[in-house]
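Examination of the molecular architecture
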Amino acid sequence: MNAALTQDRNRSAAKISDEGAASSAVAWETAQDALARLCSASLTGEAHALSGWQAACPASLAALAVRARMTSPCMRGFERAGLVPPVPVAEAAKAARTRSAIANGRVMALARLAFPVLARAGIPAIAFKGPFQHRLLHGDPFFCRSGDLDLLVARADFEAALAALEHEGFRQRAGTSAWWTGPLGEVHLDHAGGGVIDLHHRLQQPGCPPPHDIGAFLRDPRRELVGQVEVAVPHRPQAVLICALNFTKELVHRHPSARYAYNLAAGLLGMSAEEHRQFAQLVCRQRLSGTVGLAVALCETIFGVSLPVVPPLERRAPPEWAHRSALLAMVFEPDAPATLWPRRRAILWAMCSGAPGAQRAAEFSREAARMIASEALRRSVPVEG
């Protein structure tokens, strides 16, 4: 069961003997660097951030941007630098934009359906990702394709929310188990007319410190109109904290996470001074200064930008395992044979709050136990879906 904390790495790049595979790995590394530089130009508007991007193969860059769902940052980087994107990149971005319009339009239609259902049941909920987040952070609800509508409700309301949505034609996906609804805190609901709702009562998965007070995200949310339907969404400081949670969660579980890092960086750079003050207070109240400190340090390394951090938050140095080339592989190509990972416990330790010592050790022990318990439950029940 300790494998949940000790699984550490893919095959070493040194063990790749095929020359073609090695050549391909170099091409992808160059594309990763180029895409990160484009993201930096998109975030800062500084053309010098793009120095050296021309070394990337345009086809490889386009393919990576599509796979990472980062064609919009890519195109915005070219635009802000005053450069014309290569044809393969422009064509890939145009096709991705079409897919985003279709998928995100479906998500907003699901929100128009779901929120009146939950309101009639007296259940507070927020839509905390997807096109609503994109509009807040990037000014564009179609900035990135979203596959489903993510809704957060209180743990006490989870079963009632599930019943209300099922009454309206949603059905739990086959294979949903106690592992999904318990440690992961979510369930996937398919609608006969198309579309998926991910109903959550948690914002973080085992292996990462969770927020101390989930209810704070549900009290007095911001409101948006989708047609004539009122949709509840997080305020900007809450949305930026959720970006940090999403980034660290995807990183720990070895999923492509670059777009989540970009969202966090954009959110931090887009906040006002007052919003930064509110953000810092929120992070401390939720006992997530370690998570945010690590996420900020990694974002700065990946994109080569300086992100604002205000007291009582403190800037953290990146861990020794987080040098840039390794990080680029982790966030863009987590499953590639050449991607070398630190142990999961090393990432968890870096996310824990407080100075090294008893306080951080206590948080580490608590979260390690939660992760091991989750792994035990996962192995004991079917988890399809």
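Let me sum up the structure you'll find in this document. (Residues numbered from 1 in each chain as written. Predicted model: local features only at pLDDT ≥ 70, side-chain atom pairs only at ≥ 80, totals over all residues. Heavy atoms only, no water.)

The next point concerns the overall build of the protein. What the protein contains, in helices and strands, is 16 helices and seven strands. Taken over C-alpha atoms, the radius of gyration comes to 21 Å for the protein, in line with the 21 Å a tight globule of 385 residues would show. With the C-alpha coordinates aligned to their principal axes, the bounding extent of the protein is approximately 55 × 50 × 45 Å. Burial analysis of the protein (385 residues in total) assigns 52% to the buried set. Counting contacts in the protein only where the partners sit at least 6 residues apart, residues at least 24 apart contribute 71% of the total. Surface summary for the protein: the accessible area is close to 16300 Å², and the carbon and sulfur share equals 54%. Each charge sign in the protein was given a centre, from 42 positive and 34 negative side chains, and these centres are 1 Å apart. (Helix = DSSP H or I, 4+ residues; strand = E, 2+ residues; numbered from the N terminus. Rg over C-alpha atoms; globule rule 2.2 N^0.38 Å. Buried < 20%, exposed > 50% of the residue type's maximum accessible area, 1.4 Å probe, protein only. Contact = heavy atoms within 4.5 Å. Areas by Shrake-Rupley, 256 points an atom, 1.4 Å probe, with all protein chains shown as cover. Lys, Arg positive; Asp, Glu negative; His and termini not counted. Charge placed at Lys NZ, Arg CZ, Asp CG, Glu CD.)

On to the nonpolar core. Judged by nonpolar contacts, the single largest core of 113 residues is most densely connected at Leu 149, Ile 197, Leu 199 and Phe 247. Excluding residues within four positions of it along the chain, Ile 197 makes contact with Leu 110, Ala 114, Leu 149, Leu 151, Leu 165, Phe 170, Val 187, His 188 and Leu 189. (Core = buried A, V, L, I, M, F, W, Y, C linked by side-chain atoms within 4.5 Å.)

The strand order β1-β2-β5-β4-β3 describes an open sheet built from five strands, whose pairing is mixed. Bordering the open sheet on either side are β1 (126-127) and β3 (170-172), each of which pairs with just one other strand. Judged from the three bridges that link them, β3 and strand β4 (residues 186-191) form a sheet pairing that is antiparallel. By the bridge assignment, Gln 172 is partnered in β4 with Leu 189. Contacting β1, β2 (149-152), β3, β4 and β5 (196-200), helix α5 (residues 87-120) runs over the sheet at an angle of about 25 degrees to β2. (Pairing = 2+ DSSP bridges. Axes fitted to C-alpha atoms, helices over the stretch in contact; angles between N-to-C directions.)

Another point: the environment of Ala 280. In this structure, Ala 280 sits in helix α12 (residues 273-285). Judged by relative accessible area, which is 0%, Ala 280 ranks as buried. Between the C-alpha atoms of Ala 280 and Thr 301, which are 21 residues apart in sequence, the distance is 21 Å. The residues touching Ala 280, leaving out its near neighbours within four places in the chain, are Val 310, Pro 311, Pro 312 and Leu 313.

A few words now on α12. Between its terminal C-alpha atoms α12 stretches 19 Å, which fits the 18 Å expected from 13 residues at 1.5 Å a residue. Along α12, the positions that sit buried rather than exposed are His 276, Phe 279, Ala 280, Leu 282 and Val 283. The arc that holds every buried residue of α12, seen down its axis, measures 165 degrees, which confines them to one face. Summarising the contacts, the buried residues of α12 are in contact with α10 (236-252), α11 (258-270) and α13 (289-303). After α12 finishes, the residue Arg 287 shows a positive phi value of roughly 60 degrees. (Expected span 1.5 Å × (residues − 1). Arc of directions from axis to C-beta.)

Further remarks concern α13. Because the α-helix completes a turn every 3.6 residues, residues three or four places apart line up on one side. For α13, built from 15 residues, the straight-helix expectation of 21 Å at 1.5 Å per residue is met to within 8% by its first-to-last C-alpha distance of 21 Å. Of all 15 residues making up α13, 14 are buried, and the element is well covered by its neighbours. Directly beyond the C-terminal end of α13, a positive phi value near 65 degrees is found at Gly 304.

This part covers the side chain of His 134. Along the chain, His 134 turns up in helix α6 (residues 130-138). When sequence neighbours within four positions are dropped, the list of residues in contact with His 134 reads Asn 104, Gly 139, Asp 140, Pro 141, Phe 143, Cys 144 and Ser 146.

Under the criterion given, the structure shown has 13 salt bridges. Salt-bridge contacts for Asp 213 lead to Arg 219; the nearest nitrogen and oxygen are separated by 2.7 Å. In this structure, Arg 223 engages Glu 230 in a salt bridge whose closest nitrogen and oxygen atoms are separated by 3.9 Å. Glu 230 gets classed as partly exposed once you look at its relative accessible area, which sits at 45%. Here the salt bridges do not stand alone but share partners, grouping Asp 33, Arg 37 and Arg 324 into one network. (Salt bridge = Lys/Arg side-chain N within 4 Å of Asp/Glu carboxyl O.)

Looking now at the packing of aromatic side chains. Inspection of the entire model under this criterion finds three aromatic pairs. Look at Phe 143 and Tyr 262: their rings are 6.0 Å apart centre to centre, the planes differ by 15 degrees, and that puts the pair in the stacked class. Here Phe 143, found in the loop between α6 and β2, pairs with Tyr 262, found in helix α11; they are 119 residues apart in sequence, far enough to count as distant. Residue classification places Tyr 262 among the buried residues on the basis of a relative accessible area of 2%. Ring geometry for Tyr 262 versus Phe 303: centroids 6.2 Å apart, planes at 90 degrees, classification edge-to-face. Taken as a pair, Tyr 262 in helix α11 and Phe 303 in helix α13 lie far apart in primary sequence, 41 residues in all. The rings of Phe 143, Tyr 262 and Phe 303 are connected pair by pair, giving a single aromatic cluster. Sitting over the ring of Trp 349, Arg 360 keeps its end group 5.5 Å from the ring centre. (Phe/Tyr/Trp six-rings, centres within 6.5 Å; stacked < 30°, edge-to-face > 60°. Lys NZ or Arg CZ within 6 Å of the ring centre and 35° of its normal.)

A word on the pairing of β2. The two faces of the sheet receive side chains in turn, since in a regular strand these alternate between them. Burial along β2 is two-sided: the residues Leu 149 and Leu 151 and Asp 150 and Leu 152 are all buried. As judged from the two bridges shared by β1 and β2, these two strands associate in the antiparallel manner. Across the sheet, Ala 127 pairs through a bridge with Leu 151, a residue of β2. Direction of pairing for β2 relative to β5: parallel, over a ladder of four bridges. From the neighbouring strand, Asp 150 faces β5, where its bridge partner is Asp 198.

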